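If you want the building blocks of each chain, they are given just below.
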Amino acid sequence: MAALQTTIGIIYDYDQTLSPTYMQDETLFPHFGINPGQFWKRSRELVDQEGYDGELAYLKCMLDYLEMDRPSNEELRVLGAKLRYYKGVPEIFNEMNGILSNQHRLLGIKIEHYIISSGLKILLDGSSLAPFVKRIFGCEFGQDKDGRISFPKRVISHTTKTQYIFRINKGMLEPHEDVNDHMDPELRPIPFENMIYVGDGPTDVPCFTLMKRYGGHAIAVYNPDETNRASFRKCYQLSALADRVKHIAPADYRSGSHLRLLLEEMVLSIADNIVRRKKLEIEEGTVSAPHF
């Protein structure tokens, strides 16, 4: 039986996409007295000198720096309440539903929000975003016999982020579900053309590419308050030079902003396409009565 395919999925990166800072800088470092410059310098050394993957490097640094005072996952969850965001977040998650028309709602069209981050899932679980988001995917630590964080049990890199887009596409949101299992396109709850991906830079390129290849939508965002234009330059290169995304916008999620207008028009376009498809399905499934 075919899936309804009436859900619109908006998928966000987190660091420098929903927030101008890295989540560790706002939570872990001040709480445990860690020097951010030294931490990220050591993390880069592990990558450049010892061949670590970037995400494993920062997770190892966390364990090394917290060796004498390792927190539990629950302690990290509490720190997530300190996370701060760009303007308009998290209000956008509720407000976006208001743009759908009565016709859209009668057909069961709805919006779901997802976060796929290379940061720590537990911090986002404890944040004020969590109640508005259908699912959060991020790096995770296991716990030892004393309940303290130990070996990483899940690592999401910029390349493996695409796996989680396929999970959303297929409705396979649980870790034990094999996302590589074949599923016919008409059975997938959120087809790629019903998706919008919002990211900020080169680490989102695999996701941008996936959206472009399969008919999804993508926006690259930059920090409008940066004076050195670094984040804007990244987005400009992704759009004008590398042709990875069609749209770039300042990371201002408030009503009436450039980004908000783009998101709203994309959502309305997707919703209208769903309406057209449903009407066509009804017309093609209706057999005219014979005329005498």
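Keep in mind that this is a model prediction, so the values were computed, not measured.

If you roll a probe as big as a water molecule over the atoms, it shows you where there is empty space left. The computed volume of the largest pocket comes to approximately 560 Å³. Along its surface, the largest pocket is lined by 22 residues, and Asp15, Tyr22, Glu55, Ser118 and Thr203 are the ones closest to its centre. Going through the elements one at a time, helix H3 (36–50), helix H4 (54–65) and strand S2 (110–120) are the ones with two or more residues in the lining of the largest pocket. In terms of residue count, H3 provides more of the lining of the largest pocket than any other element does, 4 residues in total.

Two numbers describe how helix H9 (residues 161–170) lies on helix H10 (residues 205–214): the axes approach to 8 Å, and their chain directions differ by 40 degrees. By the criterion of interaxial angle, the relationship of H9 to H10 is oblique. In the packing of H9 onto H10, the handedness of the crossing is right-handed. Of the residues in H10, those in contact with Lys161, Thr162, Ile165 and Phe166 of H9 are Pro206, Cys207, Leu210, Met211 and Tyr214.

When charged atoms on two side chains of opposite charge get close, those side chains can pair. The full count for this structure, using the stated rule, is 21 salt bridges. Between Asp13 and Lys161 there is a salt bridge whose closest N-O contact spans 2.8 Å. Taken together, the residues Asp13 in the loop between strand S1 (7–12) and helix H1 (23–26) and Lys161 in helix H9 connect sequence positions 148 residues apart. Lys161 carries the same exposure label as Asp13, and that label is buried. In this structure, Glu67 and Arg70 form a salt bridge, with 2.8 Å as the shortest nitrogen-oxygen distance. Relative accessible area serves as the criterion here: at 46%, Glu67 is assigned to the partly exposed category.

Bringing the nonpolar core into the picture now. Ranked by size, the top nonpolar core spans 58 residues in total, and within it Ile10, Tyr14, Leu18, Leu120, Leu129, Tyr253 and Leu263 carry the most contacts. Among the elements that take part in this core, helix H12 (residues 258–284) stands out by supplying 9 residues, more than any other. Apart from residues no more than four positions distant in its own chain, Leu120 is found in contact with Met23, Leu28, Tyr58, Leu59, Met62, Cys139 and Phe141. With 24 residues, the next largest nonpolar core counts Phe137, Phe192, Phe208 and Ala218 among its residues.

Turning next to a nonpolar patch on the surface. Taken together, the side chains of Phe232, Tyr236 and Leu241 make up a nonpolar region of the molecular surface, amounting to roughly 310 Å² of accessible area. Of note, Phe232 is situated in helix H11 (residues 230–241). Take Phe232: its relative accessible area is 31%, and that puts it in the partly exposed class.

Our focus in this paragraph is the state of the cysteines. Counting across every chain of the model gives 0 disulfides. A disulfide-free cysteine, Cys61 has its sulfur positioned 13 Å from the sulfur of Cys139, the nearest such atom. Among the residues examined, Cys61 registers a relative accessible area of 1% and is labelled buried. Its sulfur unpaired, Cys139 is 13 Å from the next cysteine sulfur, which belongs to Cys207.

Looking now at the environment of Ile116. You can see Ile116 is positioned in strand S2. Spatially, the C-alpha atom of Ile116 lies 6.1 Å from that of Gly138, the residues being 22 residues apart in sequence. If we ignore the near neighbours within four places in the chain, the residues touching Ile116 are Ile11, Tyr12, Asp13, Tyr14, Phe137, Ile156, Lys161, Tyr164, Ile165 and Ile168.

This part covers the sheet that holds S2. Read from one edge of the open sheet, 7 strands run S4-S3-S2-S1-S5-S6-S7, paired in mixed fashion. Lying at the two open borders of the sheet, with one neighbouring strand each, are strand S4 (149–154) and strand S7 (247–250). Direction aside, the axes of adjacent strands within the sheet are offset by 25 degrees on average. Examined bridge by bridge, strand S6 (residues 217–222) and S7 share 4 bridges and lie parallel to one another. When the sheet's bridge partners are listed, Ile219 is paired in S7 with His247.

Conventions we followed
Residues numbered from 1 in each chain as written. Predicted model: local features only at pLDDT ≥ 70, side-chain atom pairs only at ≥ 80, totals over all residues. Heavy atoms only, no water. 1 Å grid on protein atoms, 1.4 Å probe; cavity = no way out; pocket = protein on both sides within 12 Å on 5 of 7 lines; lining within 4 Å. Points joined across faces, edges and corners; volume = space filled by probe spheres on them. Helix = DSSP H or I, 4+ residues; strand = E, 2+ residues; numbered from the N terminus. Axes fitted to C-alpha atoms, helices over the stretch in contact; angles between N-to-C directions. Parallel < 35°, antiparallel > 145°, perpendicular 65-115°, else oblique. Left-handed = near helix turned anticlockwise from the far one by under 90°. Contact = heavy atoms within 4.5 Å. Salt bridge = Lys/Arg side-chain N within 4 Å of Asp/Glu carboxyl O. Buried < 20%, exposed > 50% of the residue type's maximum accessible area, 1.4 Å probe, protein only. Core = buried A, V, L, I, M, F, W, Y, C linked by side-chain atoms within 4.5 Å. Patch = residues over 30% accessible without salt bridge, like charges linked within 9 Å, V, L, I, M, F, W, Y side chains within 5 Å. Areas by Shrake-Rupley, 256 points an atom, 1.4 Å probe, with all protein chains shown as cover. Disulfide = S-S within 2.5 Å. Pairing = 2+ DSSP bridges.

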